[in-house]
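# Observations on the three-dimensional arrangement
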Amino acid sequence: IPLVNIVDVLTRCSDLLLKFGGHAQAAGITIANDKLDAFHDRILEIVEEMVEGADISPEIHIDTKVQPSEIDFDLLFGLEKMRPFGEGNPEPLLLMEELLVDEARIVGNGQKHYKLKLRAQDGTPKIFDAICWKGVEKYGALSVGTEVDVIFTLQKDEWNGNRKIQFNVLDMKVKNPSNS
C-alpha cells in the first residue's frame, strides 16, 4: 500500500525491535520472540491509523497500451535495457485489449496456473504465449474464444534453443465470462 511507509512504521516500533532497515515499500527486521505479540498489535494499530478513511483498493498503473503488431524482440530488448527493475524503477506494465483465448492449459504443481495462447481480433496473425500465475483461482475456467484484456510484462522464453516472447500476465479482464 503506497500510503504506508514501512520504515516509518518500523521506526514507531523501534523500541520492540533489535534492528531494522529497508525503504518505503520493503524492509527487514530482527526481533526477540517475546516481543512478537506486542509488535503485531502495535503495527496493526499504526497501519490502521495511516490508512483510516483512505481508499486502499488495489491499483495497477499501466505504462502503455500496445497493439499486437508492436510486440517483437526489438520491444523486448528495448525494455530489457531498462533493467534492473525494482523500487524506483518498476518493470513497465503493458496493456493489450480484445484478445481471444486460443488455448488455456492448466499447469504447475497444484493446478493453479494457466499457460495461454492469445490471439488478436484485429486480423494480426500473431498468437502470443502467456503465463498467468494463480490464474485458475483468480479467473476460474477459461475456454477457447473467451475475450480478455491483459496487463502484462514481456519476457523471453528460451527452451531447447528456441527463443520466444511470452507475456507474464499480472491481471486480466475477462470480458465474456458467460462463454467460459
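In this text, all values refer to a predicted model and were calculated from it rather than measured experimentally.

### Quick notes on the nonpolar core
Nonpolar side chains in soluble globular proteins tend to end up buried together. Core analysis: the biggest nonpolar cluster contains 25 residues, and Val-150 and Phe-167 have the highest contact counts within it. If you list the elements that add at least two residues to this core, you get helix H3 (73–80), strand S4 (94–107), strand S5 (113–120), strand S6 (127–132), strand S7 (147–159) and strand S8 (162–174). Once residues within four sequence positions are removed from consideration, Val-150 is found in contact with Leu-94, Leu-95, Met-96, Leu-99, Leu-118, Phe-167, Val-169, Asp-171 and Met-172. One finds Leu-10, Leu-16, Leu-17 and Phe-39 within the second-largest nonpolar core, a separate group that totals ten residues.

### With respect to a negative patch on the surface
On the surface, a cluster of negative charge is contributed by Asp-37, Asp-41, Glu-45, Glu-48 and Glu-52. One can find Glu-45 in helix H2 (residues 36–51).

### Some words on H2
Taking 1.5 Å of rise per residue, the 16 residues of H2 would be expected to cover 22 Å, and the 22 Å separating its terminal C-alpha atoms lies within 8% of that figure. Taken together, the buried residues of H2 touch helix H1 (6–11) and strand S2 (26–30). After H2 finishes, the residue Gly-53 shows a positive phi value of roughly 80 degrees.

### With respect to the side chain of Gln-166
With respect to the element layout, Gln-166 can be found in strand S8. With a relative accessible area of 7%, Gln-166 lands in the buried category. In terms of polar contacts, Gln-166 uses its side chain to reach the side chain of Lys-115, at 2.3 Å. Not counting chain neighbours up to four residues away, the residues in contact with Gln-166 comprise Lys-115, Asp-129, Ala-130, Ile-131, Thr-153, Leu-154, Gln-155 and Asp-157.

### Details of the layout of surface pockets
Computed from the structure, the largest pocket encloses a volume of approximately 580 Å³. For the largest pocket, the lining is made up of 19 residues, of which Pro-2, Gln-25, Glu-59, Ile-60 and His-61 are closest to its centre.

### Considerations on the packing of aromatic side chains
For any pair of aromatic rings, the description rests on two quantities: the centre-to-centre distance and the angle between the ring planes. The final tally for this structure, using the stated rule, is three aromatic pairs. Each ring, one from Phe-152 and one from Phe-167, has its centre 3.9 Å from the other, and the planes form 10 degrees; the classification is stacked. Taken together, the residues span a long stretch of sequence, with Phe-152 in strand S7 and Phe-167 in strand S8 at a distance of 15 residues. The pair Phe-152 / Phe-167 is uniform in exposure class, with both members buried. Ring-pair connections join several aromatic residues into one group, and the members of that group are Phe-128, Phe-152 and Phe-167. The ring of Phe-73 carries the charged tip of Arg-163 above its face, separated from the ring centre by 4.5 Å.

Calculation rules
Residues numbered from 1 in each chain as written. Predicted model: local features only at pLDDT ≥ 70, side-chain atom pairs only at ≥ 80, totals over all residues. Heavy atoms only, no water. Core = buried A, V, L, I, M, F, W, Y, C linked by side-chain atoms within 4.5 Å. Buried < 20%, exposed > 50% of the residue type's maximum accessible area, 1.4 Å probe, protein only. Helix = DSSP H or I, 4+ residues; strand = E, 2+ residues; numbered from the N terminus. Contact = heavy atoms within 4.5 Å. Patch = residues over 30% accessible without salt bridge, like charges linked within 9 Å, V, L, I, M, F, W, Y side chains within 5 Å. Areas by Shrake-Rupley, 256 points an atom, 1.4 Å probe, with all protein chains shown as cover. Salt bridge = Lys/Arg side-chain N within 4 Å of Asp/Glu carboxyl O. Lys, Arg positive; Asp, Glu negative; His and termini not counted. Charge placed at Lys NZ, Arg CZ, Asp CG, Glu CD. Expected span 1.5 Å × (residues − 1). Polar contact = N/O pair within 3.5 Å; in protein donor to acceptor, adjacent residues only side chain to side chain. 1 Å grid on protein atoms, 1.4 Å probe; cavity = no way out; pocket = protein on both sides within 12 Å on 5 of 7 lines; lining within 4 Å. Points joined across faces, edges and corners; volume = space filled by probe spheres on them. Phe/Tyr/Trp six-rings, centres within 6.5 Å; stacked < 30°, edge-to-face > 60°. Lys NZ or Arg CZ within 6 Å of the ring centre and 35° of its normal.

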